[in-house]
There are 2 protein chains.
Amino acid sequence: MQKSNIPMRNQVDVTGGFWGQKQQLNRSVTIHSVYDRFVETGRFEAFKLNWEEGMPNRPHIFWDSDVAKWMESAAYIIEKTGDEDLTKIVDGVVDLIEEHQWDDGYFNICYTLFEPEDRFTARMNHELYCAGHLMEAAVAYYYATGKDKFLRLMCRYADLIEKAFVTERWAEFSTPGHEEIELALVKLWKATGEERYLKLSKHFIDARGAEDEGWNEYTQSHKPVREQTEAVGHCVRALYLYSGMADVAAATNDAELLAAAERLFDSVTNQKMYITGGVGQTCVGEAFAPEYDLPDTSSYCETCAAIALVLFAWRMSAIKPDRKFDDAAERALFNGVLSGLSLDGKSFFYANANEVDLAGKNQPMESRHHPYYPDTRRVEVFGCSCCPPNVTRTLELLGEFAYSYNDDTVWVHQFVESTADFDGKGLTVETAYPNDGKVRLTVKGDFTLALRLPAWCESYRLNKPAVFKDDGYLYLDVQDGDVIEYDMATPVRFTQANPLVRQHAGRVAVEKGPLVFCAEGLDNPLPLRGLIIDLNGKAEVTTDETLGVPRLILDGFVRPASEKLYAPLNRERLPQKLSLIPYYAYANREECDMLIWFNAE
Amino acid sequence: MQKSNIPMRNQVDVTGGFWGQKQQLNRSVTIHSVYDRFVETGRFEAFKLNWEEGMPNRPHIFWDSDVAKWMESAAYIIEKTGDEDLTKIVDGVVDLIEEHQWDDGYFNICYTLFEPEDRFTARMNHELYCAGHLMEAAVAYYYATGKDKFLRLMCRYADLIEKAFVTERWAEFSTPGHEEIELALVKLWKATGEERYLKLSKHFIDARGAEDEGWNEYTQSHKPVREQTEAVGHCVRALYLYSGMADVAAATNDAELLAAAERLFDSVTNQKMYITGGVGQTCVGEAFAPEYDLPDTSSYCETCAAIALVLFAWRMSAIKPDRKFDDAAERALFNGVLSGLSLDGKSFFYANANEVDLAGKNQPMESRHHPYYPDTRRVEVFGCSCCPPNVTRTLELLGEFAYSYNDDTVWVHQFVESTADFDGKGLTVETAYPNDGKVRLTVKGDFTLALRLPAWCESYRLNKPAVFKDDGYLYLDVQDGDVIEYDMATPVRFTQANPLVRQHAGRVAVEKGPLVFCAEGLDNPLPLRGLIIDLNGKAEVTTDETLGVPRLILDGFVRPASEKLYAPLNRERLPQKLSLIPYYAYANREECDMLIWFNAE
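What you see is a predicted model; the values in this text were computed from it and never measured. (Residues numbered from 1 in each chain as written. Chains lettered and ligands numbered in written order. Predicted model: local features only at pLDDT ≥ 70, side-chain atom pairs only at ≥ 80, totals over all residues.)

**Points about the overall build of chain A**
Okay, step 1: On a plain count of helices and strands, chain A comes out with 15 helices and 24 strands.
Okay, step 2: Taken against the 2.2 N^0.38 rule, which gives 25 Å for 601 residues, the C-alpha radius of gyration of chain A at 24 Å falls within 12% of a compact globule.
Okay, step 3: Each principal axis of the C-alpha atoms in chain A carries an extent, and together these give about 75 × 65 × 50 Å.
Okay, step 4: Expressed as a percentage of its 601 residues, the buried residues of chain A come to 57%.
Okay, step 5: Of the contacts made within chain A by residues no fewer than 6 positions apart, 68% connect residues no fewer than 24 positions apart. (Helix = DSSP H or I, 4+ residues; strand = E, 2+ residues; numbered from the N terminus. Rg over C-alpha atoms; globule rule 2.2 N^0.38 Å. Buried ≥ 20, exposed ≤ 12 C-beta atoms within 10 Å, placed from the backbone. Contact = placed C-beta atoms within 7 Å.)

**Remarks on helix α14 (residues 387-396) of chain B**
Residue and element names in this part refer to chain B.
Okay, step 1: Counted residue by residue, α14 has 10 buried out of 10 residues, so it is predominantly covered.
Okay, step 2: The complete set of buried residues in α14 reads C387, P388, P389, N390, V391, T392, R393, T394, L395 and E396.
Okay, step 3: Next to the buried residues of α14 lie α1 (17-40), α2 (63-81), α11 (303-319), α12 (323-337) and α15 (398-402).

**Focus: the interface of chain A and chain B**
Okay, step 1: In this assembly, 51 residues from chain A lie in contact with 51 residues from chain B.
Okay, step 2: Put simply, the parts of the chain that give the side of chain A that touches chain B at least two residues each are α10 (255-271), α13 (358-361), β13 (492-497) and β20 (566-568) of chain A.
Okay, step 3: Ranked by residue count, the leading element in the side of chain A that touches chain B is β13(A), at five residues.
Okay, step 4: Two strands pair when backbone bridges link them, and β13(A) and strand β20 (residues 566-568) of chain B are joined in this way by three bridges, in the antiparallel orientation. What sits directly across from Q496(A), in β20(B), is A567(B). (Pairing = 2+ DSSP bridges.)

**Quick notes on the relation of the copies chain A and chain B**
Okay, step 1: Its rotation angle being 180°, the transformation that places chain A on chain B also includes 0.0 Å of axial translation and leaves an RMSD of 0.0 Å. Such a turn and shift between the copies fits a two-fold axis.
Okay, step 2: A shared binding surface is used by both copies, with 100% of the interface residues of chain A retained as interface residues in chain B. (Least-squares fit on C-alpha atoms with pLDDT ≥ 70 in both.)

**Observations regarding the confidence of the model for chain A**
Okay, step 1: Per-residue confidence for chain A averages 96 on the pLDDT scale, and 98% of its residues sit at or above 70.
Okay, step 2: ipTM for the predicted complex: 0.95, alongside a pTM of 0.91. (pLDDT = per-residue confidence, 0-100.)

**Structural notes on the sheet that holds strand β5 (residues 418-422) of chain B**
Pairing between the strands of a sheet comes from backbone hydrogen bonds, and it takes one of two forms, parallel or antiparallel.
Residues and elements named next belong to chain B.
Okay, step 1: Reading across from one edge, β1-β5-β6-β7-β12-β9 is the order of the six strands in this open sheet, with antiparallel pairing throughout. Strands with a single pairing partner mark the edges of an open sheet, and in this sheet they are β1 (12-14) and β9 (460-462). The average angle at which neighbouring strand axes cross in this sheet is 15°, direction not considered.
Okay, step 2: Here β5 pairs with strand β6 (residues 425-431) via five bridges, running antiparallel. If you follow S418 over to β6, its bridge partner there is V429. (Axes fitted to C-alpha atoms, helices over the stretch in contact; angles between N-to-C directions.)

**What about the domain arrangement of chain A?**
Okay, step 1: For chain A, the domain assignment lists domain 1 (20-191), domain 2 (405-431 + 437-488) and domain 3 (492-600).
Okay, step 2: Domain 1 of chain A and domain 3 of chain A are separated by 44 Å when their C-alpha centres are compared. (Domains from an automatic or database assignment.)

**Here's the deal with the nonpolar core**
Okay, step 1: Judged by nonpolar contacts, the single largest core of 200 residues is most densely connected at M245(B), A261(B), L309(B), V310(B) and C518(B).
Okay, step 2: Top contributing element to this core by residue count: α11(B), with 14 residues.
Okay, step 3: The residues contacting L309(B), other than those within four sequence positions of it, are L239(B), V268(B), G277(B), V279(B), A328(B) and A332(B).
Okay, step 4: Ranked by size, the runner-up nonpolar core spans 198 residues in total, among them A144(A), I205(A), L338(A) and L453(A). (Core = buried A, V, L, I, M, F, W, Y, C linked by C-beta atoms within 7 Å.)

**Things to note about the pairing of strand β12 (residues 483-488) of chain B**
Residues and elements named next belong to chain B.
Okay, step 1: Going residue by residue along β12, you find I484, Y486 and M488 tucked away on one face and V483, E485 and D487 left uncovered on the opposite face.
Okay, step 2: By the bridge criterion, five bridges tie strand β7 (residues 438-444) to β12 in an arrangement that is antiparallel. In the sheet register, T442 faces β12, and the bridge partner there is V483.
Okay, step 3: With three bridges connecting them, β9 and β12 associate as antiparallel partners. Across the sheet, residue Y460 finds its bridge partner in β12, namely M488.

**Some points on the sheet that holds strand β12 (residues 483-488) of chain A**
Residue and element names in this part refer to chain A.
Okay, step 1: With respect to topology, six strands assemble into an open sheet ordered β1-β5-β6-β7-β12-β9, the strand pairing being antiparallel. In this open sheet, the two strands that pair with only one neighbour each are β1 (12-14) and β9 (460-462). Recorded for the sheet is a direction-independent mean angle of 15° between the axes of neighbouring strands.
Okay, step 2: Inspection of the sheet shows β1 paired to strand β5 (residues 418-422) by three bridges, in the antiparallel sense. Paired with D13 across the strands is T419, a residue of β5.

**Considering the pairing of strand β18 (residues 549-554) of chain A**
Residue and element names in this part refer to chain A.
Okay, step 1: Here strand β17 (residues 539-544) pairs with β18 via six bridges, running antiparallel. By the bridge assignment for β18, T542 is matched with R551.
Okay, step 2: Between β17 and β18, which pair antiparallel one after the other, the connecting turn spans four residues, and G548 there sits at a positive phi close to 70°.
Okay, step 3: One ladder, built from three bridges, connects β18 with strand β22 (residues 578-582); its direction is antiparallel. Within β22, the residue paired with L554 across the bridge is L578.

**As for the packing of helix α10 (residues 255-271) of chain B against α11(B)**
Residues and elements named next belong to chain B.
Okay, step 1: Interhelical geometry of α10 versus α11 gives an angle of 135° and a closest axis separation of 11 Å. With respect to their mutual orientation, α10 and α11 come out oblique. Seen along the crossing, α10 lies across α11 with a hand that is left-handed. For the pair α10 and α11, contact is made by L258, A261, E262, F265 and V268 and by L309, F312, A313, M316 and I319, respectively.
Okay, step 2: Of the residues contributing to the contact of α10 with α11, the split by class is nine nonpolar, no polar and one charged. (Parallel < 35°, antiparallel > 145°, perpendicular 65-115°, else oblique. Left-handed = near helix turned anticlockwise from the far one by under 90°. Nonpolar A, V, L, I, M, F, W, Y, C, P; charged D, E, K, R; others polar.)

Below, the structure written as structure tokens:
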């Protein structure tokens, strides 16, 4: 069933361009900054398991996973650079895990320290989530270094989990709380060849939502996953689950499970996704809200959720190449994921606003009418700091996101300056994407090349004949030495939301290529909602040298000032230029208002 | 300083028309329905002060005021109809108050029952608020019947309060919590001639916000009232305070205090008032939110707050006749007050939505992104049931709201079918207002007539020459027997909000005369925000026979349905009629969506 393979890390090198710069920043700044903050907050120290009452930095139930994602990120970097400092750190943590792993294979900082007798009794306490992230890190480190100690430790842990939940059934709950281990077990299976890890993953997926779990949308346990049709509940949980479903469906040739995953993908992206690729509309339960309900000032859009959408879409598009998956992943990557990281690479948003209204947000609590406004300043570490190490690992995966392949064909899902070689089918890609739409691909070997034509792209040029298929790719047979010039037009364009989205009725967003643009209060008169784009006006594309990002200058209007709160409609408009930057670059200067959805005439 | 006098109740009779019908409904249905619910919930029984642990209906700290407002309403009706049943009920309650009043004059159900030693120790516990409403009821009953027992009991209570807070100063706080007694003491002064009640009111007003009270916007104690410039905090509290300020300013010729009251009126009506006259944007603290921040689906707009705005504006316009006061009072009366009562007169909204989005509201709590949505079905009684008896008393006051007078002049502030006689200056008013703008006034005596020209009215006819002055009135000298034909044009009109109101940018409201119209989901396709009014289209005025209200049919459009969540802007529009009813009539059929602010092209 799986039509193509996701690349191994050693098959692709990101060589420069937009994402190459982001990877360099990640390796020179972000990975170290996250490490330093995790050291300062005791997260690494916690693996010594010597915390006692009265000491600072009481370990938290998520901390295993924070460090695990950091180790996974480090492994990805080590695989490319051989970085010795990072290697030393990971080895040190692995030694501590070995030292403190229970004889039966169990490892969890908080349960070991605080309530060893209560392990596997509380579904909501993230034990299996932490286990899953440690497994992902172990697999990544094994691929990166060939060292298998961490992998073996995690296999022992997986074996224990199999016993507790399947063979001996002494765990007091039946399926994981926060999903993650499902997809991790598939990785463990792939790395070790041990089929039982795949079976355990499939077990967790199919047991989920069984009758005795009780009805609970928050945890995606309201019904068996194969019967689920609408994305509901905690957003990151949901998307990690769906990713695991895709993995298991592909590995077991399970068309029904794959169809369920695709239905849920469609539910997310056709009904519940912000134009930024941000998902999880509400802070209440960090969850999906109803269909077509996309409030902007109170949007939650956790950075981890946008990442999880990318991870899910990436898997789906390898199984069943379709530009709808790539388009969604691209939308998230360039907008709702990247907005989670400051331009200097040091600080993060956990939640990502889709509109900033400082006047409302900065009121004292007693005057607020929203329960929740996302932060408007990024910070270097959070109490629950899942997002920063999730960003560091995601930035390392851009090469893998870009392609998939099988014996005949190489699919180009994302446009990333890189070199790739899939068993002799090679590509060298040069591009200034997303700042323009030109992509030059130099071919090594003879094969079929499948180039995504993004749904947003209304015209393109290609220097070779190609066949456009329903799946959204241009297919062309290429030969060794061919140079493919692919040029997607990226004019400034105005985008509407489905008329069923009440928040955006009558308004437009501004996009160029894969980038969503926004207006910041520092560059435009307030209130930003008073800006009116002239739909028949000009759009000038410039560069903001300070921020190092493109800047659009659009023709538009504002309404004349009024003294009255209510007055007869005045249809007069005054000329007003609008000045927009990419959404991913918002909130990198002083705190100010921000708007994506504009009035337009 | 006071330019004109508010009528005594015996000077005006509402004789029919729109408000006459509402008064008939109040007298035949509402007053009895509120009474029955208050009996069922133990509110009347509570005055026996025999409640004990284990009995149902534990008295609540607001209950004295609930019954007091009901008694005030009953007194107003008794004054007009001599209703014996109502008289018996009020006399019964007065007897109970007499029986249980303390020797020193104190009366409060909860403190007497539960913690008599703690009276006047907790500023937030509404003792003085309850006292104020009892005083208002006592004054009204005295005017209605000439019986002075209730009035004397309340004078004894006021005397005690003077001792506790001024003379002997043994109360543990210095100014009232929930304001109300300030305006009530002025009524007590007017009814008794006892100057010390006016002084006590002035004391409470001027001591408020003194340094030792601490900073607290919620209770309007953040600074001395004379220095306050922005309406903040709990909305009903604020507007009762401002009403008391207006009363004291007029009674003591205090221009500074009057200026403060006017500044606060302007703050409310120029920056914080919904187009319905609803005020108090947020449920959090039942409070004013920031300027120009008028969210619709989560609007609080307590019915009592709209009533309080009318009571404040009414006082101001007698002191300093200006149509801005009358226009705001009218806006509230016909929209945000009346929406609080069902068309059958039996049930109430406490909070009034400015938009209903059932899909969002009806989600389980875990999927909600607003903390609060107003009710979408009226109920007959609330746990905190301040609004129902406030509606019953307000409906009785329409005659008093309509006029003010002095030796030379009669001002017509509101257009109410009625007869009035102010020391020989008489008017008989006939009108179908607000369903059309024609008002026929027959004059008795010779005087100057001042007719409000509402700010919304762009053209009118008057059968006599008149002078329009800056204050917004048409002044004409009339003579005994004159028949004045005043015809205000009331075409359907489109209204904009100040461009600083971000929620309403680019949208219009539909008004006709003083009525705000809304679309309900039962009559229009969803989502209502997808409706686009054709600004160049026709507006047909019809009657909804079922609801007994006007219905507007407007030309308009909807956008074509879309499968995509995001797509290139499609400027195509499909014709779609919009069907609107007055806002005051919303939510009188099945639960459905509702919208006031429309997209328009």
